[in-house]
Amino acid sequence: MIELREASVVVPAPEGDAMILHPTSLVLAERRISIIGGNGSGKSTLARLCNGLIEPTTGSVLVAAGADPVPGVRAERSRLDTARDGAAVRRLVGFVFTDASAQLIMPTVAEDLMLSLRRLHPKRAERRAAAEAALARFGLEHLAERSVHTLSGGQKQLLAIATVLATDPAVLVADEPTTLLDLRNARSVGELLMSLPQQVILVTHDLDLAARAERTLVVADGRVVFDGEPDAAVSHYRELVRA
Ligand SMILES: Nc1ncnc2c1ncn2[C@@H]1O[C@H](COP(=O)(O)OP(=O)(O)OP(=O)(O)O)[C@@H](O)[C@H]1O
């Protein structure tokens with residue numbers, strides 16, 4: 001569960017500071033939440049606030065710590081603050097980017113997964129076994145020794161998601177994960193995201209996918225202008241575009 005309390009984001013701009021997210025309060029507890037809206041409306045800003053990639057300029061963003069102890073955080077604290085507990089928050093809230101290439105940094109597929117597992121499995125042999133299990137879960141085991149540069153866009157996005165999920169975050173935030181994919185790959189990544197046990201917060205321009213969430217936020221001009229049932233949210237967004 002993620003809570004925004006009057007969280008705003010202000011960035012420096014040539015003509016003075018610009019508020020790209022107006023003070024926003026939300027409790028994000030549903031298992032499937034989608035975020036839709038026009039280009040530049042503030043969707044990525046909202047998504048990045050959820051795992052501390054961006055810190056709020058004012059207000060705060062809190063993440064439920066879950067039942068397991070979080071390294072570096074005192075046990076009695078049930079809420080983590082993205083500004084104060086950044087590293088712990090990023091372990092609880094995984095983030096998938098639009099362009100998976102930006103996320104894949106090691107030469108081979110298996111090494112990339114092993115990199116994300118180094119904290120969870122300090123011993124190399126265990127790390128290798130965990131990486132192989134994670135690849136098998138996503139049907140990528142045959143690619144283990146391939147260079148990440150030779151993967152197709154769909155394979156890269158699946159690997160990026162596998163890499164983030166390998167450390168078992170409680171929440172997955174995905175920022176337009178299907179935008180660069182063809183129809184078949186977009187469908188399979190969409191299906192995967194909808195089938196995960198984790199809470200998923202999905203920014204997307206795919207309105208059919210967005211409508212499969214339990215709750216949809218519509219963002220316009222740095223504000224959440226609709227928050228509720230997905231079909232009604234999509235209608236609201238279509239009305240905004242027509243206006
Ligand atoms: N660091 C920054 N400095 C200045 N302006 C920024 C910065 N980050 C975002 N913006 C601006 O804030 C606005 C919202 O950006 P954001 O990336 O959140 O939009 P978005 O809804 O995700 O757009 P898209 O659908 O095009 O990805 C845009 O006008 C963007 O140019």
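All of the points below concern the structure found in this document. Because the structure is a prediction, the values reported are computed rather than measured.

### Examining the packing of helix 3 (residues 109-116) against helix 5 (residues 153-165)
In helix packing, the relevant descriptors are the interaxial angle and the interaxial distance, both defined with respect to the helix axes.
Okay, so step 1: Direction vectors running N to C along helix 3 and helix 5 enclose 30°, while the axes themselves pass 8 Å from each other. Judged on the interaxial angle alone, helix 5 and helix 3 are roughly parallel. At the point where helix 3 passes helix 5, the crossing takes the right-handed sense. Within the contact between the two elements, helix 3 uses Val109, Asp112, Leu113 and Ser116 and helix 5 uses Leu159, Ala162 and Thr163.

### Digging into the environment of Ala100
Okay, so step 1: For Ala100, the location among the structural elements is in the loop between strand 6 (93-96) and helix 3.
Okay, so step 2: Here Ala100 falls in the buried class, since its relative accessible area comes to 5%.
Okay, so step 3: The spacing of Ala100 and Thr24 is 76 residues in sequence and 29 Å in space, taken between C-alpha atoms.
Okay, so step 4: Leaving out residues up to four positions away in the same chain, Ala100 has contacts with Lys156, Gln157 and Ala160.

### As for the sheet that holds strand 10 (residues 223-228)
Okay, so step 1: Strand order in the open sheet formed by six strands is 6-7-8-3-9-10, with mixed pairing between adjacent strands. Lying at the two open borders of the sheet, with one neighbouring strand each, are strand 6 and strand 10. Direction aside, the axes of adjacent strands within the sheet are offset by 15° on average.
Okay, so step 2: Both strand 6 and strand 7 (residues 171-175) contribute to a ladder of four bridges, which runs parallel. Residue pairing across strands places Phe95 opposite Val173, the latter belonging to strand 7.
Okay, so step 3: Contacts from helix 5 reach strand 6 and strand 7 within the one sheet, and its direction differs from that of strand 6 by about 170°.

Scoring rules and cut-offs
- Residues numbered from 1 in each chain as written.
- Predicted model: local features only at pLDDT ≥ 70, side-chain atom pairs only at ≥ 80, totals over all residues.
- Heavy atoms only, no water.
- Axes fitted to C-alpha atoms, helices over the stretch in contact; angles between N-to-C directions.
- Helix = DSSP H or I, 4+ residues; strand = E, 2+ residues; numbered from the N terminus.
- Parallel < 35°, antiparallel > 145°, perpendicular 65-115°, else oblique.
- Left-handed = near helix turned anticlockwise from the far one by under 90°.
- Contact = heavy atoms within 4.5 Å.
- Buried < 20%, exposed > 50% of the residue type's maximum accessible area, 1.4 Å probe, protein only.
- Pairing = 2+ DSSP bridges.

Don't take any of this as a statement about function, it's just geometry.
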